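Chain residues, written in single-letter form:
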Amino acid sequence: QVQLVESGGGLVQAGGSLRLSCAAAPSIFRSRTMGWYRQAPGNQRELVASITVAGRTDYADSVKGRFSISGDNTQVYLQMNSLKPEYTDVYYCNARAPYGLSSWGQGTKVTVSS
């Protein structure tokens, strides 16, 4: 069973920055597409950013130019800049295998105050 552990969430002021981290075994990062998703109450979980083993990144249109995803052997990061209150959500780390199965972390809460 894949275990993903998120950290770095918290309370920040609008316009500020935050960096989320997701930890997993090195084998996971070598074989999975990693992503960050967010979910607000009553909403579907939606993609924020993803990164492939080859380093290709993808971003939701709403965060392009604001967020950056990156990774190393044991962590995947989401650098969140120019934060707005509408980005207040629980953020989840995701690991997706080439055949489609996904694993999820427990989430880390980001709150942006105005």
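Keep in mind it's a predicted model, so treat the numbers as computed, not measured.

Draft legend 1. Structural view of the overall build of the protein chain. A count of helices and strands for the protein chain gives 1 helix and 11 strands. Along the protein chain, helices (α) and strands (β) appear in the sequence β-β-β-α-β-β-β-β-β-β-β-β when read from the amino end. In terms of C-alpha radius of gyration, the protein chain reaches 13 Å, essentially the compact-globule figure of 13 Å for 114 residues. Structurally, the protein chain occupies a C-alpha span of about 40 × 25 × 20 Å along its principal axes.

Draft legend 2. Structural detail: the packing of aromatic side chains. Counting across every chain of the model gives 2 aromatic pairs. Residues Tyr-37 and Trp-104 carry aromatic rings whose centres are separated by 4.9 Å and whose planes lie at 75° to one another, so their mutual orientation is edge-to-face. Taken as a pair, Tyr-37 in strand 4 (residues 33-39) and Trp-104 in strand 10 (residues 102-104) lie far apart in primary sequence, 67 residues in all. Overall, Tyr-37 belongs to the buried group, its relative accessible area being 16%. For Trp-104, a relative accessible area of 34% puts it in the partly exposed group. With a centroid separation of 5.2 Å and 50° between ring planes, the pair formed by Phe-67 and Tyr-87 is classed as tilted.

Draft legend 3. Local environment of the sheet that holds strand 1 (residues 5-7). Spatially, 4 strands are ordered 1-3-8-7 in an open sheet, and the strand pairing comes out antiparallel. The outermost strands of the open sheet, each flanked by one partner alone, are strand 1 and strand 7 (67-71). Ignoring strand direction, the axes of neighbouring strands in this sheet form an average angle of 15°.

Draft legend 4. Examining the state of the cysteines more closely. According to the stated counting rule, one finds 1 disulfide in the structure shown. Here Cys-22 pairs with Cys-93 through a disulfide, and the sulfurs are 2.0 Å apart. Looking down the S-S bond of the Cys-22 and Cys-93 bridge, the torsion is -85°, so its handedness is left-handed. Placement of Cys-22 in strand 3 (residues 18-23) and of Cys-93 in strand 9 (residues 89-96) is noted, with a sequence separation of 71 residues between them. Across this residue pair, the class does not change: Cys-22 and Cys-93 are buried.

Draft legend 5. Main features of the pairing of strand 9. Here strand 9 lies mainly inside the structure; 6 of its 8 residues are buried. Bridging between strand 9 and strand 10 involves 3 bridges; their strand directions are antiparallel. Pairing of Asn-94 across the sheet is with Trp-104, part of strand 10. Where strand 9 hands over to strand 10, the hairpin turn is made up of 5 residues, of which Gly-100 adopts a positive phi near 110°.

Draft legend 6. Quick peek at the nonpolar core. By size, the foremost hydrophobic cluster in this structure holds 28 residues, and its most contacted members are Met-34, Trp-36, Phe-67, Val-76, Leu-78 and Tyr-91. The set of elements that each furnish at least two residues to this core consists of strand 3, helix 1 (26-31), strand 4, strand 5 (46-51), strand 7, strand 8 (75-80), strand 9 and strand 11 (108-113). Setting aside its immediate chain neighbours within four residues, Tyr-91 contacts Glu-6, Leu-20, Trp-36, Tyr-37, Arg-38, Val-48, Phe-67, Leu-78, Met-80, Gly-107, Thr-108 and Val-110.

The rules behind the values
Residues numbered from 1 in each chain as written. Predicted model: local features only at pLDDT ≥ 70, side-chain atom pairs only at ≥ 80, totals over all residues. Heavy atoms only, no water. Helix = DSSP H or I, 4+ residues; strand = E, 2+ residues; numbered from the N terminus. Rg over C-alpha atoms; globule rule 2.2 N^0.38 Å. Phe/Tyr/Trp six-rings, centres within 6.5 Å; stacked < 30°, edge-to-face > 60°. Buried < 20%, exposed > 50% of the residue type's maximum accessible area, 1.4 Å probe, protein only. Pairing = 2+ DSSP bridges. Axes fitted to C-alpha atoms, helices over the stretch in contact; angles between N-to-C directions. Disulfide = S-S within 2.5 Å. Core = buried A, V, L, I, M, F, W, Y, C linked by side-chain atoms within 4.5 Å. Contact = heavy atoms within 4.5 Å.

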